[in-house]
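# Reading the structure
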Amino acid sequence: MIKLGIIYGGISTENEVSQMSAKSVIDNLDKEKYEIHKFYIDKDAKWYRVEEDKKEEIHKIIEELKKLDIVFPVLHGKGGEDGTIQGMFEMFNIPYVGCGVLASSVGMDKVYTKVIFEKAGLNQTPYVYVKAEESNFVIINEKFEKEEIDLNKIESKLKYPMFVKPSNSGSSVGVTRVTNKEELKNAIQKAAKYDDKILVEQGIIGKEVECAVLGNENAVASTVGEIQAAESFYSYDAKYNMPESRTVIPASLSEEIIEEIRKLAVKAFKSIDGKGLSRVDFFVEEGTNKIYINEINTMPGFTKISMYPKLFEAVGISYAELLDRLIQYGINKEA
Ligand SMILES: Nc1ncnc2c1ncn2[C@@H]1O[C@H](COP(=O)(O)OP(=O)(O)O)[C@@H](O)[C@H]1O
Ligand SMILES: [Mg+2]
């Protein structure tokens, strides 16, 4: 029996999403193979041991975790997907599923993801990096120097529609699609509520597609899936509250484009030094079929109907087998 800790909830805006992911994970783990220990983190960073449906707060967290063979942080966003909890596991030699400190923190921060992706030669949308300072905003240029903010300057670099996003976020929280200067200004202010680093990006008109990556050194890509959002973009509501949002697997793209995206997904995973798993998201532009990488999620949504497991299910790897493999990749990071 492998003593497996499932850690879920978390301090981020995605606490509820994590609870859904963890429920699927727990329901689908082979109970003959794993002795499951559940840990819930609430939004105030308090830890609880969960037995049946009873929660008991714990304080000697490291001691509890050290009794296990491996932990699976089924946590999305801040405090779970950003390298911080991974750093804690590293410090105390606790084996864990998924990406390490660097990959997690780079993948979580959209501005720094862009820097690495650019270095790797991955094609991405033009953007402007804005930073919130005490009482105003500045633009941070390619050399990381401050420039005065000027919405005209943003408009001269990027075409509408634009997307404004907090650099550290997830589940589309704080993301706004804008079509004019007034909306741009408001969206920057809104994004600043979530992070002082803000990304203004040129919107891509076309298909939104996702590819799952699994493994360590010899990581492989799944097929490619397509998001058909029920709104003008894949907002929080479109993701979780609108059943009209659909996912189509495989994406309605040519073999060549699917192959190209699969290669790019592995390349992106390697570029951030990914381990275990990631879901890499792209846009394919209407008319030109040009592929733009959007982001990498090092702990993607993991419910039974989430894109990540569904993409592997489509190529013959069941949800339960996927969990087995992820746990093995976590135990043996050299594999
Ligand atoms: N440059 C873009 N062009 C078109 N749509 C975009 C762009 N950036 C974001 N979006 C839309 O906004 C959604 C959320 O943005 P994303 O960068 O994926 O942030 P999150 O980390 O919150 O998922 C995307 O799923 C997509 O629908
Ligand atoms: Mg996304």
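Note that residues are indexed from 1 along each chain, following the sequence as it is written. Chains carry letters from A onward and ligands carry numbers from 1 onward, assigned in written order. Owing to the predicted nature of the model, reporting of local features is limited to residues with pLDDT of at least 70; listing and counting of side-chain atom pairs is limited to 80 or more, with chain, interface and lining totals taken over all residues. Note: side-chain values were computed over all heavy atoms of the structure, leaving out hydrogens and water.

A simple rule labels every residue: compare its accessible area, found with a 1.4 Å probe on the protein chains alone, to the largest value its type can have, and call it buried under 20%, exposed over 50%, or partly exposed in between. What counts as a helix is a DSSP run of H or I of at least four residues, what counts as a strand is a run of E of at least two, and both are numbered from the N terminus. Along helix H7 (residues 181-191), the residues that are buried comprise Leu-184, Ala-187, Ile-188 and Ala-191. Seen end-on, H7 carries its buried residues on one side only, within an arc spanning 105°. Packed against the buried residues of H7 are strand S6 (127-132), strand S7 (137-140), helix H6 (151-157), strand S9 (162-166), strand S10 (176-178) and strand S11 (197-202). The definition of a polar contact used here is a pair of N or O atoms within 3.5 Å, where within protein one atom must be able to donate a hydrogen and the other to accept one, and adjacent residues in sequence count solely through side-chain atom pairs. With a side-chain oxygen positioned 3.2 Å from the backbone nitrogen of Glu-182, the residue opening H7 is Asn-180. Directions are taken from the helix axis to each C-beta atom, and the arc is the one they span. Any pair of residues with heavy atoms lying within 4.5 Å of one another is described as a contacting pair.

Think of it this way: DSSP has to see at least two bridges between two strands before they count as a pair. Two elements, S6 and S11, share five bridges in a ladder whose sense is antiparallel. Within the sheet, the bridge partner assigned to Lys-131 lies in S11 and is Lys-197. Looking at chain direction, S6 and S7 are connected through four bridges and run antiparallel. Bridge pairing in S7 links Ala-132 to Phe-137. As consecutive antiparallel partners, S6 and S7 are separated by four residues.

Attention shifts here to the site of ligand 1. The local shell around ligand 1 holds 18 residues, among which Lys-110, Lys-165, Ser-172, Ile-204 and Glu-208 are the closest. Lys-165 is positioned such that a nitrogen or oxygen atom in its side chain is 2.7 Å from an oxygen atom of ligand 1. The separation between an oxygen atom of ligand 1 and a polar side-chain atom of Asn-294 is 3.1 Å. Any residue outside Ala, Val, Leu, Ile, Met, Phe, Trp, Tyr, Cys, Pro, Asp, Glu, Lys and Arg is labelled polar, Gly included; the first ten of those are nonpolar and the last four are charged. Each residue belonging to the shell around ligand 1 can be placed in one class, and the counts come to five nonpolar, seven polar and six charged. Note that domain bounds follow an automatic or database assignment of domains. Each of domain 2 (107-122 + 205-331) and domain 3 (127-202) contributes no fewer than three residues to the shell around ligand 1. Throughout this document, a residue counts as near a molecule or strand when at least one of its heavy atoms sits within 4 Å of that molecule or strand.

With that settled, the discussion passes to the packing of helix H1 (residues 15-28) against helix H11 (residues 319-331). With axes taken as lines fitted to C-alpha atoms, and helix axes fitted only over the stretch in contact, angles between N-to-C directions fall between 0 and 180 degrees. Between H1 and H11, whose axes approach to 9 Å, the crossing angle comes to 95°. The orientation of H1 relative to H11 falls into the category roughly perpendicular. The residues of H11 that touch H1, namely those facing Ser-21, Ser-24, Val-25 and Asn-28, are Tyr-319, Ala-320 and Leu-323. Its residues assigned to classes, the contact of H1 with H11 comprises four nonpolar, three polar and no charged. Note on angle classes: values under 35 degrees are labelled roughly parallel, values over 145 roughly antiparallel, values of 65 to 115 roughly perpendicular, and the remainder oblique.

This paragraph deals with unusual backbone geometry. In this structure, the amide linkage connecting Tyr-160 to the following residue, Pro-161, adopts the cis form with an omega of -5°. Along the polypeptide, Pro-161 turns up in the loop between H6 and S9. Following Ile-249, the chain continues into Pro-250 via a peptide bond in cis, with omega recorded as -10°. A positive phi angle is found at Asn-289, which is not glycine, with a value near 60°. Following the sequence through the fold, Asn-289 ends up in the loop between strand S15 (276-285) and strand S16 (291-297).

Okay, the domain arrangement of the chain next. According to the domain assignment, the chain consists of domain 1 (2-97), domain 2 (107-122 + 205-331) and domain 3 (127-202). Its C-alpha centre places domain 1 at a distance of 34 Å from the equivalent point of domain 3.

The subject of this paragraph is the sheet that holds strand S1 (residues 2-9). Strands sit in the order S4-S3-S2-S1-S5 across an open sheet of five strands; the sheet is mixed. Only two strands of the sheet have a single neighbouring strand rather than two, namely strand S4 (54-58) and strand S5 (70-73). The sheet shows a mean angle of 30° between the axes of neighbouring strands, taken without regard to direction. Inspection of the sheet shows S1 paired to strand S2 (residues 34-41) by eight bridges, in the parallel sense. Residue pairing for S2: Gly-5 is matched across the bridge by His-37. H1 contacts S1, S2 and S5 of the sheet and is inclined by roughly 155° relative to S1. Lying over the sheet, helix H3 (residues 84-91) contacts S1, S2, strand S3 (47-51) and S5, oriented at roughly 175° with respect to S5.

So, about the packing of aromatic side chains. Here is the rule: rings of Phe, Tyr and Trp (six-membered ring for Trp) pair when centre to centre is within 6.5 Å. Planes less than 30 degrees apart are stacked, more than 60 are edge-to-face, and the remainder are tilted. In this structure the tally under the stated criterion is 10 aromatic pairs. Ring geometry for Tyr-8 versus Tyr-40: centroids 5.5 Å apart, planes at 50°, classification tilted. Within this pair, whereas Tyr-8 is found in strand S1, its partner Tyr-40 is found in strand S2, the two being separated by 32 residues in sequence. Neither residue differs from the other here; Tyr-8 and Tyr-40 are each classed as buried. Their ring planes at 35° and their centres at 6.2 Å tell us that Tyr-40 and Tyr-48 sit as a pair that is tilted. Under the relative-accessibility criterion, Tyr-40 is labelled buried at 10%. Among the residues examined, Tyr-48 registers a relative accessible area of 15% and is labelled buried. Joined through ring pairs, the aromatic side chains of Phe-72, Phe-302, Tyr-308, Phe-312 and Tyr-319 make up one cluster. Whether a charge sits over a ring comes down to the Lys NZ or Arg CZ being within 6 Å of the ring centre and within 35 degrees of the ring normal. Positioned above the aromatic ring of Tyr-40 is the side chain of Lys-55, whose terminal nitrogen or guanidinium carbon lies 4.5 Å from the ring centre. Sitting above the plane of the Tyr-96 ring, Lys-333 keeps its charged end 3.6 Å from the centroid.

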